[in-house]
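In case you want the letters, here they are:
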Amino acid sequence: MPKSTATSNDIVGLYYNATPIANVADNAAASPLANVTVALATASGAVADTMATSLATYTNYANQTVARTTSGWTAPASGATSNVAAIEFPQCGASGNTITSAKTGKGTGAVAVWHYGDLNASLAVSNLIQPRFPIGAVTITES
């Protein structure tokens, strides 16, 4: 059963902007999650994946974090949000990967993936290549 646009906006707002959903879900008062983790992967995502599944392993690779606020992600509209600033990953050293997808979640390792998707085109990362998503290039849609 589909969700309404308002509900999709609420979900995106809760995950990416830490905006509570009145009478349903609140942001943790004591130690709220401050950042969304963005990861690159070497295979398409699947519903059972964790943030560790098919994670990029090129030399110097590290996941990146984006503030879980409207300074990190746009306010939801039409059930979607996008990155406010460029997301820049470390430059590749000696060994590379072919990056095919990206995912977001609340941390690293065996934690749940919030959203995932394939890149428009694979990116061959080799020595001196630095993957980056320009402003607005990462669009998260809750449908």
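Attention here is on the structure that accompanies the text. (Residues numbered from 1 in each chain as written. Predicted model: local features only at pLDDT ≥ 70, side-chain atom pairs only at ≥ 80, totals over all residues. Heavy atoms only, no water.)

## As for the overall build of the chain
Phase 1 of the analysis: Broken down by element type, the chain carries 1 helix and 8 strands.
Phase 2 of the analysis: Helices and strands in the chain line up, N terminus first, as α-β-β-β-β-β-β-β-β.
Phase 3 of the analysis: At 15 Å, the chain has a C-alpha radius of gyration in line with the 15 Å of a compact globule built from 143 residues.
Phase 4 of the analysis: Principal-axis analysis of the C-alpha atoms places the extent of the chain at approximately 50 × 35 × 30 Å.
Phase 5 of the analysis: Out of the 143 residues in the chain, the part that is buried amounts to 37%. (Helix = DSSP H or I, 4+ residues; strand = E, 2+ residues; numbered from the N terminus. Rg over C-alpha atoms; globule rule 2.2 N^0.38 Å. Buried < 20%, exposed > 50% of the residue type's maximum accessible area, 1.4 Å probe, protein only.)

## Regarding the nonpolar core
Phase 1 of the analysis: One finds Leu40, Trp73, Ile87 and Phe89 to be the most contacted residues of the largest nonpolar core, which totals 23 residues.
Phase 2 of the analysis: Take this core: its biggest share by element is 4 residues, from strand S1 (residues 35-41).
Phase 3 of the analysis: Aside from chain neighbours lying at most four places away, what touches Phe89 is Val38, Ala39, Leu40, Tyr58, Tyr61, Ala62, Asn63, Gln64, Gln130, Pro131 and Phe133. (Core = buried A, V, L, I, M, F, W, Y, C linked by side-chain atoms within 4.5 Å. Contact = heavy atoms within 4.5 Å.)

## Things to note about the environment of Pro2
Phase 1 of the analysis: Mapped onto the elements of the fold, Pro2 is located in the segment before helix H1 (5-17).
Phase 2 of the analysis: Relative accessible area serves as the criterion here: at 76%, Pro2 is assigned to the exposed category.
Phase 3 of the analysis: Separated by 114 residues in the primary sequence, Pro2 and Tyr116 place their C-alpha atoms 19 Å from one another.

## Concerning the sheet that holds strand S2 (residues 64-67)
Phase 1 of the analysis: The strand order across the open sheet formed by 4 strands is S2-S1-S5-S6, and the pairing between neighbours is antiparallel. Two strands lie at the open edges of the sheet, namely S2 and strand S6 (113-125), each paired on one side alone. In this sheet, neighbouring strand axes are inclined to one another by 25 degrees on average, regardless of whether the strands run parallel or antiparallel.
Phase 2 of the analysis: Strand direction decides the pairing type here: S1 and S2, joined by 4 bridges, are antiparallel. Counterpart to Thr37 in the pairing with S2 is Thr65.
Phase 3 of the analysis: Across the sheet, H1 touches S1, S2, strand S5 (97-105) and S6, and the angle it forms with S6 is around 70 degrees. (Pairing = 2+ DSSP bridges. Axes fitted to C-alpha atoms, helices over the stretch in contact; angles between N-to-C directions.)

## A closer look at the pattern of salt bridges
Phase 1 of the analysis: Evaluation of the coordinates by the stated rule reveals 2 salt bridges.
Phase 2 of the analysis: Residue Glu142 is joined to Lys3 by a salt bridge in which the shortest nitrogen-to-oxygen separation is 3.2 Å. Here the residue Glu142 occupies a position in the segment after strand S8 (139-141), and Lys3 occupies one in the segment before H1, the gap between them amounting to 139 residues.
Phase 3 of the analysis: Judged by relative accessible area, which is 17%, Glu142 ranks as buried. (Salt bridge = Lys/Arg side-chain N within 4 Å of Asp/Glu carboxyl O.)

The quantities given are spatial measurements derived from coordinates; they are silent on function.
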